[in-house]
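Overview (structure and organization)
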Amino acid sequence: MLSFLKNHPFAVEAFFESSIVLTYAVPKEQLQHLVPECLELGTYNDRWAFIAVALVQTKALRPKGFPEFLGNDFFLIGYRIFVRFTNQKGKNLRGLYILKSETNKKKMEFLGNIFTHYAYSTTDINQRIEDESIHIRSQQSGFDLKVRISGEEQV
């Protein structure tokens, strides 16, 4: 009915307090069944396909131009596959195919599913920052990641 809303009808802005992106190379046969026929997997040596998991803590996410105090803080996890698409003019385009998106708040699930095709669901994402590590866990989603922080810049 209002499908035009799903195509990002307005820009958003937010501050990313933290962002971790994990990218995995897997045999293409393991991912092929997950993408529609109109897309090709982005591969290396026609053997390896790539899947990414992005974990982002946002602060003050809101429509662009709105005051920061109207924004909301959300934790977001996105699962994406690297793909290619050849348009009618023969141009080869690269992008990411959305498998799933998760958030820690129902409000983001509701609004995200109205204004995007990201297929949000709400899950129990917990992030704990310790002296030299970040621990992100979701029992519901079976996700448990611990990253050691090194170097001068720390969260």
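1. Some thoughts on helix H1 (residues 106-115)
- For H1, every residue scored as buried is listed here: Met-108, Glu-109 and Gly-112. What you see down the axis of H1 is that its buried residues fit within an arc of 100 degrees, all on one side. Structural note: H1 exposes Lys-106 and Phe-110 on the side pointing more than 90 degrees away from its buried face.
- On its buried face, H1 is in contact with strand S4 (48-63), strand S5 (72-86), strand S6 (92-103) and strand S7 (120-122).

2. Quick notes on a nonpolar patch on the surface
- There is a patch of nonpolar side chains on the surface, built from Phe-66, Phe-69 and Leu-70 and spanning about 360 Å² of accessible area.
- Looking at the element boundaries, Leu-70 is found in the loop between S4 and S5.

3. So, the layout of surface pockets
- By volume, the largest pocket is sized at about 770 Å³.
- Lining the largest pocket are 32 residues, with Leu-61, Leu-76, Met-108, Tyr-118 and Tyr-120 positioned closest to its centre.
- Every element with two or more residues in the lining of the largest pocket is listed here: strand S1 (12-27), S4, S5, S6 and H1.
- Broken down by element, the lining of the largest pocket gets its largest block of residues, seven residues, from S4.
- Among the residues making up the lining of the largest pocket, the classes are represented as 21 nonpolar, eight polar and three charged.

4. Focus: the pattern of salt bridges
- Considering all chains together, one arrives at seven salt bridges under this definition.
- With its nearest N and O atoms 3.8 Å apart, the salt bridge here joins Asp-144 to Arg-137.
- Residue classification places Asp-144 among the exposed positions, given a relative accessible area of 53%.
- By relative accessible area, Arg-137 is classed as partly exposed at 38%.
- Ionic contacts of the salt-bridge type, sharing partners, join the residues Arg-128, Glu-130 and Lys-146 into one network.

5. Some points on the packing of aromatic side chains
- One pass over the full model with this rule turns up three aromatic pairs.
- Here the aromatic rings of Phe-50 and Phe-82 are separated by 6.3 Å at their centres, their planes lie at 75 degrees, and the arrangement is edge-to-face. Here Phe-50, found in strand S4, pairs with Phe-82, found in strand S5; they are 32 residues apart in sequence, far enough to count as distant.
- The class of Phe-50 is partly exposed, set by a relative accessible area of 24%.
- With 6.1 Å between their ring centres and 55 degrees between their planes, Tyr-118 and Tyr-120 make a pair best called tilted.
- In this arrangement the basic side chain of Arg-80 is found over the ring face of Tyr-118, its NZ or CZ atom lying 5.3 Å from the centre.
- The ring of Phe-74 carries Lys-105 above its face, with NZ or CZ at 5.9 Å from the centroid.

6. A closer look at the sheet that holds strand S10 (residues 143-148)
- Within the open sheet, the three strands sit side by side as S8-S9-S10. Their pairing is antiparallel. Among the strands making up the open sheet, the edge pair consists of strand S8 (125-130) and S10. Neighbouring strand axes in the sheet, compared pairwise and without regard to direction, differ in orientation by 10 degrees on average.
- Summarising the sheet, strand S9 (residues 133-138) and S10 pair through six bridges and their orientation is antiparallel. Of the residues in S10, the one forming a bridge with Ile-136 is Leu-145.

Calculation rules
- Residues numbered from 1 in each chain as written.
- Predicted model: local features only at pLDDT ≥ 70, side-chain atom pairs only at ≥ 80, totals over all residues.
- Heavy atoms only, no water.
- Buried < 20%, exposed > 50% of the residue type's maximum accessible area, 1.4 Å probe, protein only.
- Helix = DSSP H or I, 4+ residues; strand = E, 2+ residues; numbered from the N terminus.
- Arc of directions from axis to C-beta.
- Contact = heavy atoms within 4.5 Å.
- Patch = residues over 30% accessible without salt bridge, like charges linked within 9 Å, V, L, I, M, F, W, Y side chains within 5 Å.
- Areas by Shrake-Rupley, 256 points an atom, 1.4 Å probe, with all protein chains shown as cover.
- Salt bridge = Lys/Arg side-chain N within 4 Å of Asp/Glu carboxyl O.
- 1 Å grid on protein atoms, 1.4 Å probe; cavity = no way out; pocket = protein on both sides within 12 Å on 5 of 7 lines; lining within 4 Å.
- Points joined across faces, edges and corners; volume = space filled by probe spheres on them.
- Nonpolar A, V, L, I, M, F, W, Y, C, P; charged D, E, K, R; others polar.
- Phe/Tyr/Trp six-rings, centres within 6.5 Å; stacked < 30°, edge-to-face > 60°.
- Lys NZ or Arg CZ within 6 Å of the ring centre and 35° of its normal.
- Pairing = 2+ DSSP bridges.
- Axes fitted to C-alpha atoms, helices over the stretch in contact; angles between N-to-C directions.

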